[in-house]
Amino acid sequence: MNINIPEKYKITKPIKHDTFLINGKINSWKGEFTNVITTILSNENKDHFVIGTTPKMDEKHALKALDAANNAFSNGTGKWPTMKVYERIKCMEAFVQMMILKRNEVVKLLMWEIGKNLKDSEKEFDRTVDYIKDTIDEYKTIDRKGANFQNSSGVRAIIRRGPLGVVLCLGPYNYPLNETFALLIPAIIMGNTAIFKPAKHGVLLIAPLLEAFEKSFPPGVVNIVFGRGREIASPIMKTGKINVLALIGHSSSAISLQDLHPQKNRLRLVLGLEAKNPAIILEDADIDLTVDECISGTLSYNGQRCTALKILYVHDKVKDEFLDKFSKKIDKLKLGLPWENTLLTPLPEPLKPNYISDLIEDAKNLGAEVINNKGGEKHKNFVFPAILYPVNDKMRVYKEEQFGPVIPVISFSDVSKPIDFMAESNYGQQVSIFGKDVSVLGPIIDSLVNLVCRVNLNSACQRGPDIYPFTGRKDSAVSTLSVHDALRSFSIRTFVASKDNNLNKNILREMIDSKKSSFVRTDYYL
Ligand code: G3H
């Protein structure tokens, strides 16, 4: 099994991960376990291998984690939500220092568990560390802005952002570290407490970080449990004790979980969901640049990104040139194992190759052709990207979020065709537009910005840089995530107001001087 694997990336025996974190203590799990599989190696008899096990926790432990988070928050009166900002920041700084020490372990597991190539696995780790550091800096800025009094119509006020309560945090398999932490970190730094359950793939890589969480935060602030959504997340939601559902994943999961909550107005949603981002290639587009951007847009991490380009609209006049160059360049791409740093790697979901083949067959039956020579070739869990043309609205690949290496292409003579597709779509995350003529681009951009939340000019769609807002319309997102916006999404404005008279002035003065309150203060953390 381990032939040709560089020594430092080998897993010599299955990793038995048997711990979880509840109420500030790492405990050992004595119950059932779930196998963690990898699809990156396969042989004639097997398309996946077991590389480890993780706890298959149950409802009882899910509710224990909820109790711990609830007690730590104590309706806003707990130690963590009432702590001084700089104390919370110190905990987060301690955490990030410990996390950095686990880089190699986490990167190696990212490659084995989700098949992400080495460069992108390292990027995922480093980007997450940067995200935490930037979040700390941004929180200081927000805190600084709140460190003053306003006085209007005889009412003096000090206005800050306060936590919302207990957060249930669920991330996706394609960014099991980065996207989960992009929810968890802003949630806790704002004073909320959390229960976090890793996604269906990318679970073992969380294990090396349990100790850093245990040592950095007070009991109950972060609780990490392992298991299936329906045994962990569903019972927690049913209690009605969750204040924020923070989920990056599919809209159907978000809806079923919301439906379980008995007090829906209490529940805030922070959701990053699926998308069907189109590329619109106009007749004056720079074709070489467009081909390169469309390759990275459709195929980075084999198209398994919510921001991936999932349908290409190309103008009739440049269709032939584009398709010719695009398919030749795609056919030259290499398939490889993650440490070989190829763009194309095995798909981590065992059933995904068949799903991709089904989409291809369906499109072929309805009149499309695979126009690149290698398109659709399968070798166990590798699938070579297939360019499908001409695609129409009867085909599954026109509507479904393929989340894999298949690229539907449609030609147009009037730009209203892709715009109508976007207007009718249930999704509204991003679009890429390729062209040069400002008099054409200007009015199109003015429509596109109201259909999605990011228009990428001559560039592929992407989430980063993380200081920019990441959100979407319709079924693509609820709330906005960026370093700054995430801190807002996980908090609410709350303030202390007083009639402007001598009694109140004296009380406030004394409160500030004596530093008796964490909230009513005008100093800030540099
Ligand atoms: O899966 C969706 C991710 O947020 C995409 O992020 O554009 O940085 O790959 P990315």
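This report concerns the structure included in the present document. Every residue gets a number counted from 1 within its own chain, in the order that chain's sequence is written. Local features in this predicted model are restricted to residues whose pLDDT is 70 or higher, and side-chain atom pairs enter the listing and the counts only when it is 80 or higher, whereas totals over whole chains, interfaces and linings include all residues. Side-chain metrics in this entry use all non-hydrogen atoms of the structure; hydrogen atoms and water are not considered.

1. With respect to the nonpolar core
The test is simple: In plain words, nonpolar cores are sets of buried Ala, Val, Leu, Ile, Met, Phe, Trp, Tyr and Cys residues tied together by side-chain atoms within 4.5 Å. Each residue's exposure class comes from its accessible area (1.4 Å probe, protein chains only) as a fraction of the maximum for that residue type: buried when under 20%, exposed when over 50%, partly exposed otherwise. In what follows, residue pairs with any heavy atoms lying within 4.5 Å of each other are defined as contacts.
Counting 107 residues, the largest nonpolar core has Phe181, Ile195, Phe213, Phe217 and Leu245 as its most contacted members. For Leu245, the contacting residues outside a window of four places in its chain are Leu168, Leu170, Met237, Ala254, Leu257, Gln258, Leu267, Arg268, Leu269, Val270 and Leu271. Residues Ile311, Val383, Leu441 and Ile444 belong to the second largest nonpolar core, which totals 30 residues.

2. Observations concerning the pairing of strand 11 (residues 244-248)
Side chains on a regular strand alternate between the two faces of the sheet. Rules: Secondary structure follows DSSP: runs of H or I at least 4 residues long count as helices, runs of E at least 2 residues long count as strands, and numbering of each begins at the N terminus. Pairing between strands requires that DSSP locate at least two bridges from one strand to the other.
Of all the five residues making up strand 11, five are buried; the element is thus mostly covered by neighbouring parts of the structure. With four bridges connecting them, strand 8 (residues 166-170) and strand 11 associate as parallel partners. Looking at the pairing, Leu170 lines up with Leu247 of strand 11. Inspection of the sheet shows strand 11 paired to strand 12 (residues 268-272) by five bridges, in the parallel sense. Bridged to Ala246 within strand 12 is Val270.

3. Considerations on the side chain of Asn70
Turning to its location among the elements, Asn70 is positioned in helix 1 (residues 59-73). Setting aside chain neighbours within four positions, we find Asn70 in contact with Asn75, Val166 and Lys241.

4. Some words on the site of the ligand
The line we're drawing: Throughout, the term near means that a residue has one or more heavy atoms lying within 4 Å of the molecule or strand in question. Throughout this description, a polar contact denotes any pair of N or O atoms lying within 3.5 Å of each other; where both atoms belong to protein, one of them has to be capable of donating a hydrogen while the other can accept it, and for residues adjacent in sequence the pair is counted only when both atoms sit in side chains. What sets the accessible areas is the Shrake-Rupley method with a 1.4 Å probe; for residues, cover comes only from the shown protein chains.
As a structural note, the neighbourhood of the ligand is formed by Arg127, Asn174, Tyr175, Glu179, Arg305, Cys306, Thr307, Gln462, Arg463 and Phe470. In this structure, an oxygen atom belonging to the ligand sits 2.7 Å away from a side-chain N or O atom of Arg305. Look at the ligand: alone it shows 310 Å² of surface, and the protein chains cover 95% of it.

5. Some details on a negative patch on the surface
Put simply, the rule is: Here a patch means residues that are over 30% exposed by relative accessible area and free of salt bridges, tied together within 9 Å if like-charged and within 5 Å if nonpolar (Val, Leu, Ile, Met, Phe, Trp, Tyr). A carboxyl oxygen of Asp or Glu within 4 Å of a side-chain nitrogen of Lys or Arg is what we treat as a salt bridge. Only four residue types enter the tally: Lys and Arg on the positive side, Asp and Glu on the negative side, with His and both chain ends excluded. Positions of charges follow a simple convention, taking NZ of Lys, CZ of Arg, CG of Asp or CD of Glu.
The grouping of Glu93, Asp130, Asp134 and Asp137 at the surface amounts to a negative patch. For the negative patch, the leading source of residues is helix 5 (residues 118-145), giving three residues. Within the element layout of this structure, Asp134 appears in helix 5. The exposure class assigned to Asp134 is partly exposed, which follows from its relative accessible area of 34%.

6. Here's the deal with the pairing of strand 8
To be explicit about the condition: Crossover handedness is defined by viewing with both strands directed away from the observer: a clockwise path from the first strand over the helix to the second marks the crossover as right-handed.
Taking burial as the measure, the five residues of strand 8 include five buried ones, the bulk of the element. Burial along strand 8 is two-sided: the residues Val166, Leu168 and Leu170 and Val167 and Cys169 are all buried. Pairing of strand 8 with strand 9 (residues 193-197) involves five bridges; the strand directions are parallel. Residue pairing in the sheet places Leu170 in a bridge with Lys197 of strand 9. Handedness of the crossover joining strand 8 and strand 9 through helix 6 (residues 178-189): right-handed.

7. Digging into helix 6
Defined as follows: By this rule, a helix spans an expected 1.5 Å times one less than how many residues it contains.
Taking 1.5 Å per residue as the helical rise, helix 6 with its 12 residues ought to reach 16 Å, and the 16 Å between its terminal C-alpha atoms agrees with that figure. Among all positions of helix 6, only Asn178, Glu179, Thr180, Phe181, Ala182, Leu183, Leu184, Ile185, Pro186, Ala187, Ile188 and Ile189 are buried.

8. Brief notes about helix 9 (residues 251-260)
Note the cut-off: Taking the helix axis as origin, the arc is that swept by the directions to the C-beta atoms.
Burial in helix 9 covers these residues: Ser251, Ala254 and Leu257. For helix 9, the angular spread of buried residues about the axis comes to 130°, placing them on one side. Next to the buried residues of helix 9 lie strand 8, helix 8 (229-238), strand 11 and strand 12.

9. Considering the packing of aromatic side chains
Rule in force here: When the centres of two rings from Phe, Tyr and Trp lie within 6.5 Å, Trp using its six-membered ring, the rings pair. Their planes under 30 degrees apart give stacked, over 60 give edge-to-face, and anything left gives tilted.
Overall, the coordinates contain 15 aromatic pairs when judged by the stated rule. When the centroid spacing of 5.8 Å and the interplanar angle of 65° are considered together, the rings of Phe181 and Phe213 count as edge-to-face. Note that Phe181 is positioned in helix 6 and Phe213 in helix 7 (residues 210-216), a separation of 32 residues in sequence. Just as Phe181 is buried, Phe213 falls in that class too. With 5.2 Å between their ring centres and 75° between their planes, Tyr398 and Phe421 make a pair best called edge-to-face.

10. A word on the pattern of salt bridges
Inspection of the entire model under this criterion finds 25 salt bridges. With its nearest N and O atoms 2.7 Å apart, the salt bridge here joins Glu179 to Arg463. Of this pair, Glu179 sits in helix 6 while Arg463 sits in the loop between strand 22 (454-457) and strand 23 (473-474); the two residues are 284 residues apart in sequence, bridging distant segments of the chain. The pair Glu179 / Arg463 is uniform in exposure class, with both members buried.

Limitation: the analysis is restricted to geometry and does not speak to function.
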